[in-house]
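# Secondary and tertiary structure notes
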Amino acid sequence: MNWNEVEALWKESVPKGADASPAKLLEVVSQRSRKFRRQVAWRNVREVAGGLAVAAIFGWFAFRQTDAVQSVGMGVIAASGVWIAVYLLKFGSSGKPPDPDADLSTYCRLLSEDYGRQVRLLRRVKYWYLLPPYLGYLIVFGDSLHRRLAAGQSTFAAWAGLAWFTAVFAAVWILNEWYGARHIDQLQNELRRMTEGESA
Amino acid sequence: MNDTVEGIVVPSAETARRETFLRLMAEYRRPIARLAAAYLHDAQDQEDLVQEIALALWQAVPRFRGDSSERTWLYRIAHNTAITAAAKIRRRGKVETTPEEPPELPSAAEGHEENLIQAQRREWLLEAIRQMPAMDRQILTLHLEGLSHREIQEITGLSEAAIATRLSRQRDRLGAKHPEYEGNRT
């Protein structure tokens, strides 16, 4: 076998998908494109609505609260809701994947940077997503505990609330930092492995 | 739907996009399918990749300004989409279903049917290409699709000299893996 035969072998190859009708492909990509746009729009609405709902509910509680410390704690949680919505819109969903109309070296570099950005976002979840509302909750918890102890009441409910809140936050932390970031790390490593030693 | 400008009917942006997409798919669906086969072993994955590439092209068509030729633009998008999809699929561990080495190649002397031998030779070639590093794979598949060194340069960003060196190295590698392969163009 010589090089001409290799070229002929290549051109003869008709893998699966080679005979897909262009009209059928257009139908598929139109559907997928619409679905993707809907998903992105829905995610943005969900993120903003979630943050604003937290802000509205806890803002109302803070406004109605007569105890100053409780009011501050709930105010911190309400502000966290707004902060998270803004942060997600600015750094989360708005992250655009690299344009595939670039040469391989440039594209791989941009893709790797995009993966890095996503990993950093997930690894910092504990600071920008979890810490602000948790601090607010700790203020509310500390004040409740103090008042119950002063009144000689059981503090079990306050501790149970803190345990539940901490468990939920820990689960979000683990899912993002351990599972989410590891998933993207693996993608980045695979990309690096596939392009190992490549440079223009 | 078309628009009318000063009494002349011109295609709307959406109509033009659809027409461009259909023309590109009619012209390049086979090269795109071969490219998918050069990245992924599983037939279903290959079909999914063809759809991924089609989607990427659909999204990119409105951005095409003619700074490069349509062919080089299309292959850049196709290869970059393929490498992203292949990394995702490999991460899922699907690569383990592919053999470590290209399959054994039967020789014509063994008396197999000619078409069976050709099919196995094609699979051998694809498997050998799949095992190449991404840049080498891209250069070789583009070369096999008939693109010039200059066009490959536009797509990969490598110099023409580097492309020639890599192609020569790939030919040698193919030869080392294939007892029947003679390497040089006849």
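See the structure shown above.
Keep in mind it's a predicted model, so treat the numbers as computed, not measured. (Residues numbered from 1 in each chain as written. Chains lettered and ligands numbered in written order. Predicted model: local features only at pLDDT ≥ 70, side-chain atom pairs only at ≥ 80, totals over all residues. Heavy atoms only, no water.)

Check the secondary structure of chain B and you find seven helices and two strands. Counting from the amino terminus, chain B carries its helices and strands in the arrangement β-β-α-α-α-α-α-α-α. Put simply, chain B has 186 residues, and 48% of those count as buried. Considering only contacts in chain B between residues 6 or more positions apart, those separated by 24 or more positions represent 61%. In the form shown here, chain B has an accessible surface area of approximately 8900 Å², with 48% of it arising from carbon and sulfur atoms. (Helix = DSSP H or I, 4+ residues; strand = E, 2+ residues; numbered from the N terminus. Buried < 20%, exposed > 50% of the residue type's maximum accessible area, 1.4 Å probe, protein only. Contact = heavy atoms within 4.5 Å. Areas by Shrake-Rupley, 256 points an atom, 1.4 Å probe, with all protein chains shown as cover.)

Moving on: the interface of chain B and chain A. Facing the 71 residues of chain B at the interface are 51 residues of chain A. Together chain B and chain A conceal approximately 5600 Å² of surface at their shared face, both sides included; 61% is due to carbon and sulfur atoms. Ranking the residues of chain B by area buried against chain A places Arg34(B), Arg91(B) and Leu144(B) at the top, with a combined share of 13%. Across the chain B-chain A interface, the total number found is two salt bridges. Close ionic contact of Glu12(A) with Arg122(B) constitutes a salt bridge, the shortest N to O distance being 2.9 Å. Inspection of the chain B/chain A interface yields seven residue pairs in polar contact (both at pLDDT 80 or more). Those elements that provide at least two residues to the side of chain B that touches chain A are helix H1 (13-39), helix H2 (43-60), helix H3 (70-91), helix H4 (114-130), helix H5 (134-144), helix H6 (149-156) and helix H7 (160-177) of chain B. Partitioned by chemical class, the residues of the side of chain B that touches chain A number 31 nonpolar, 18 polar and 22 charged. (Buried area = accessible area lost by both parts, 1.4 Å probe. Salt bridge = Lys/Arg side-chain N within 4 Å of Asp/Glu carboxyl O. Polar contact = N/O pair within 3.5 Å; in protein donor to acceptor, adjacent residues only side chain to side chain. Nonpolar A, V, L, I, M, F, W, Y, C, P; charged D, E, K, R; others polar.)

Attention now moves to a positive patch on the surface. Side chains of Arg34(A), Lys35(A), Arg37(A), Arg38(A) and Arg18(B) sit close together on the surface and give a patch of like positive charge. In terms of residue count, helix H2 (residues 22-64) of chain A provides more of the positive patch than any other element does, four residues in total. Take Arg34(A): it is sitting in helix H2. (Patch = residues over 30% accessible without salt bridge, like charges linked within 9 Å, V, L, I, M, F, W, Y side chains within 5 Å. Lys, Arg positive; Asp, Glu negative; His and termini not counted. Charge placed at Lys NZ, Arg CZ, Asp CG, Glu CD.)

Now for the pattern of salt bridges. Residues and elements named next belong to chain B. By the definition in use, this model includes 16 salt bridges over all chains. Among the salt bridges present, the one from Arg71 reaches Glu151, with a minimum N-O distance of 2.8 Å. A residue pair is termed long-range when its members are at least 10 positions apart, and Arg71 in helix H3 and Glu151 in helix H6 qualify at 80 residues. Exposure remark for Arg71: the relative accessible area of 26% places this residue in the partly exposed category. With relative accessibility at 17%, the residue Glu151 sits in the buried group.

As for its position among the elements, Trp60(A) is in helix H2. Sequence separation of Trp60(A) and Gly75(A) is 15 residues, and the distance between their C-alpha atoms is 8.9 Å.

Time to look at helix H4 (residues 104-123) of chain A. Compared with an ideal rise of 1.5 Å per residue, which puts 20 residues at 28 Å, H4(A) spans 28 Å between its outermost C-alpha atoms and is within 8% of the ideal. When H4(A) is considered as a whole, its buried residues turn out to be Leu104(A), Tyr107(A), Cys108(A), Leu111(A), Asp114(A), Tyr115(A), Gly116(A), Val119(A), Leu121(A) and Leu122(A). (Expected span 1.5 Å × (residues − 1).)

To find the voids left in a structure, one rolls a probe of water-molecule size over its atoms. Computed from the structure, the largest pocket encloses a volume of approximately 2100 Å³. Taken together, 50 residues line the largest pocket, and the ones lying closest to its centre are Phe36(A), Pro97(A), Asp114(A), Gln118(A) and Lys88(B). At the level of secondary structure, the elements contributing two or more residues to the lining of the largest pocket comprise H2, helix H3 (68-92), H4, helix H5 (125-151) and helix H6 (156-194) of chain A together with H2 and H3 of chain B. Looking at which element gives the most residues to the lining of the largest pocket, the answer is H4(A), with eight residues. Classifying every residue of the lining of the largest pocket gives 23 nonpolar, twelve polar and 15 charged. (1 Å grid on protein atoms, 1.4 Å probe; cavity = no way out; pocket = protein on both sides within 12 Å on 5 of 7 lines; lining within 4 Å. Points joined across faces, edges and corners; volume = space filled by probe spheres on them.)

The next point concerns the side chain of Arg34(B). Residue position: Arg34(B) is located in helix H1. On the basis of relative accessible area, Arg34(B) is assigned to the buried category, the value being 6%.

A few words now on H5(B). Where burial is concerned, most of H5(B) is hidden: eleven out of the eleven residues are buried. The first or second residue beyond H5(B) is Gly146(B), which carries a positive phi of 95 degrees.

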